[in-house]
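Descriptive analysis of the structure
Each chain, letter by letter, is given below.
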Amino acid sequence: MDPVNATQVATTESEAESITEGTQLRLFVLKMGDTFLVADINGDVTGGADGLFRNDTRVLSNWRLRFADTQPSLLSAAVSHDDVFFTAHLTNHALPPLGNPATPEAVIHIERKRFLWEGTLYERIELVHYGAPALEVPLALEFGADFRDMFEVRGQQRTKRGERLPPHSDATGVELSYRGLDNVVRRCCIGFSETPRSLDEQQAEFFTLLKERTPWTLYVEIGPAPSHPDRQRFRRAAALAILATRKKLRQGARLCASARMFQSWLDKSRADVALLTTELATGPYPYAGIPWFSTPFGRDAIITALQTLWINPELALGVLSFLARNQAHDTSTFRDAEPGKIMHETRKGEMAAVDELPFGQYYGGVDTTPLFIMLAGAYAERTGDRAAIDRLWPALNGAAHWIERNADGHGSGFVSYARGEDSGLANQGWKDSEDSVFHADGLTPDGPISLIEVQGYAHRAWRVMAEMAEWRGEEEAAHHWSGRAESLRAAVEQHFWLPDLQFYALALDGGGNPCRVRASNAGQLLYTGLPDAERGRAVARQLLTGAFDSGWGLRTLPPEAARFNPMSYHNGSVWPHDSTLCVAGLARYGERDGVVRLTREMFEAANYFGMRLPELFCGFERAPGEAPISYPVACLPQAWAAGSVFMLLQACLGLTIDARRHLLAVERPRLPDSVDRLLIADLEVGPQRVDLGFQRLGARVVAFIERQTGPQPIALHIEV
């Protein structure tokens, strides 16, 4: 994913301050479909990095509630556990006399309750006066729409913009609009259930008589078309939003842990994955993160689907179907597209539409294509869904041949990248910031670049292509892909292994010279299973040392690295999804104690972040009594951060689900600290439904099938 840092996001010093202040005061997020809202703890939008966004455009950049020209005093604010509603409770400061004695403080309760449905923000503002006598109070709602493209909000400068159209208003609403350079008119229509005393293109003012303990309620709708808000519309849309969310939350198996706080982490993570998941024509698809990446990304969605595959394979099928439909068929240096390549990112904003940037449909990710095949192979094993694999087979073949052409085309035999034009991403692995790949002396390598983990992805992709081809009866193809996988494995062991460091090089440069840098990328290589047992264990042992383990999770770089900076985006920070893939790799190479330890650390970090792990946080060493240090502009929530707990738990349990062989395999099971019992209920294994339990008995953890129903009994194989 293209990186964001504070200087890139902020276009001015004041905006940078606003972003930092907003982060410190907490930003609250709602999302539904292609619309999302970021607001502060009072429920206000202030025009920094917040706003109401629709299809990569900020359609509301200012939304503030004021009493007598002052901000009300905050009592509390929260997003509901299912991520549907935001509610803020506020009260008044002393108000100036308006023909009555001055109103004392804290006698008026203000509740702001809001949610999103079908591209529209619904808000209910309710006032209750607990004093006496009745009084008239002034309420103002300030608003504005700058119609900035998401990339403008992130700091991209433009030489030309479209035109603001004249505002239109009537007694109870106003329409703000903008015609972009793509000739699309984007609208922000604000409607009120009560008639304001005054209304213009920037503010609606109300003066209302509050009787003692008698609520006064204002309904507001902010959407793409004029509306007439009222109580009935609010309640109906709220019910539909709740039902849609419940449907997403009910997909897949249920996880029931004996430890309340760990259960809270599971539940919040599941709610966040559901929040970020949008129902597309091809099925459910997890958008990457809010605010910067609320759009389909290839790599992020694949990894999120891999993390959650064991409990909810439907998400993986939606991801595979969407990416297959959007696979590249032509060559474009501007979009870094080549036939067979899988999409990195898609955008719907004005700047993408007029090709100011290549991200309307962009393919500059070297790892997304092999990851696509890896997910398909994992899905096939998990579900035994032969019909889906047959439908996807042309796309899978095209992807496998793109990997082959890439490896052969650069002359190195390795999968490599070099952007086609300067507008594309300079680095095209998961660490895609410009400074994330370097030699031991800190110098930037010449391209094309071959990343270590990408070779592991390619190796695994060819392996699963061989397995799926054999499943389909294509013996010749199976033999071909198996041979390619083994040749690549041998080449990686020969050219990337650094005997003196007992570690794999971060990358090879265009001349075949290794970047002699230890990095977490090698942990992701373990996840693919490419290294032999001895080398894999050597890497695993180093990942578990203080050089990588910060105490809150694994840093992307150890302090010895030339570009190490624990406050950087990629060079020393902790990324939950990266740590999780490394943990899955540790499990593969037998490091059971390390798996449990890192799961505990990340659970403890989640406690400090309100059970919602951010996109990343700083990689400072853990200090007694102190919390993990936030990265100021990290996305929160982020799909593959939310999905991390599920892969961590699977690694602890040592659980593999093979529907093709009607088998549940459990290898040396462990439970996270504080969890003594775990039930996985309604686990779908082919046509069978299974309740699988894990129980701590002294120093051991036992696994057992509590119940199963269906026509094909599932066997449980346990290796202790």
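These notes cover the structure that comes with them. Just so it is clear, the structure is predicted and the values come from calculations on it, not from any experiment.

About the criteria used
- Residues numbered from 1 in each chain as written.
- Predicted model: local features only at pLDDT ≥ 70, side-chain atom pairs only at ≥ 80, totals over all residues.
- Heavy atoms only, no water.
- Helix = DSSP H or I, 4+ residues; strand = E, 2+ residues; numbered from the N terminus.
- Rg over C-alpha atoms; globule rule 2.2 N^0.38 Å.
- Buried < 20%, exposed > 50% of the residue type's maximum accessible area, 1.4 Å probe, protein only.
- Contact = heavy atoms within 4.5 Å.
- Areas by Shrake-Rupley, 256 points an atom, 1.4 Å probe, with all protein chains shown as cover.
- Lys, Arg positive; Asp, Glu negative; His and termini not counted.
- Charge placed at Lys NZ, Arg CZ, Asp CG, Glu CD.
- Pairing = 2+ DSSP bridges.
- Axes fitted to C-alpha atoms, helices over the stretch in contact; angles between N-to-C directions.
- Core = buried A, V, L, I, M, F, W, Y, C linked by side-chain atoms within 4.5 Å.
- Patch = residues over 30% accessible without salt bridge, like charges linked within 9 Å, V, L, I, M, F, W, Y side chains within 5 Å.
- Salt bridge = Lys/Arg side-chain N within 4 Å of Asp/Glu carboxyl O.

**As for the overall build of the chain**
When you go through the chain residue by residue, the secondary structure sums to 18 helices and 33 strands. Taking 2.2 N^0.38 as the reference for a compact globule, 720 residues should give roughly 27 Å; the C-alpha atoms of the chain span a radius of gyration of 27 Å, in line with that estimate. By its C-alpha atoms, the chain is 85 × 60 × 50 Å across when sized along the principal axes. A burial count over the chain gives 60% of its 720 residues as buried. Considering only residue pairs separated by 6 or more positions, the chain has 65% of its internal contacts joining residues 24 or more positions apart. Per element, the accessible surface of the chain, about 26800 Å² overall, is 48% carbon and sulfur. Distance between charge centroids for the chain: 5 Å, based on 73 positive and 90 negative side chains.

**Description of the sheet that holds strand E29 (residues 663–667)**
The 3 strands are arranged E28-E29-E33 in an open sheet whose pairing can be described as mixed. Both outer strands of the open sheet, strand E28 (655–658) and strand E33 (715–719), are each paired with one neighbouring strand and no more. On average, each strand axis in the sheet is tilted by 15° relative to the strand beside it, whichever way the strands run. When E28 meets E29, the two strands line up antiparallel, connected through 4 bridges. Among the inter-strand pairings, Leu655 is bridged to a residue of E29, identified as Val666.

**With respect to the nonpolar core**
Ranked by size, the top nonpolar core spans 168 residues in total, and within it Phe372, Ile373 and Ile680 carry the most contacts. When neighbours within four sequence positions are excluded, Ile680 is seen to be in contact with Ala253, Arg254, Leu255, Trp310, Leu653, Leu655, Val690, Asp691, Leu692 and Phe694. Grouped together as the second largest cluster of nonpolar side chains are 54 residues, Phe67, Phe86, Ala145 and Phe234 included.

**Side note on a nonpolar patch on the surface**
A grouping of Met567, Phe620 and Ile629 is seen on the molecular surface, where their side chains present a nonpolar patch of about 270 Å² in accessible area. Its place among the elements puts Phe620 in the loop between helix H16 (592–608) and helix H17 (639–642).

Remember, this is a structural readout, not a statement about activity or role.
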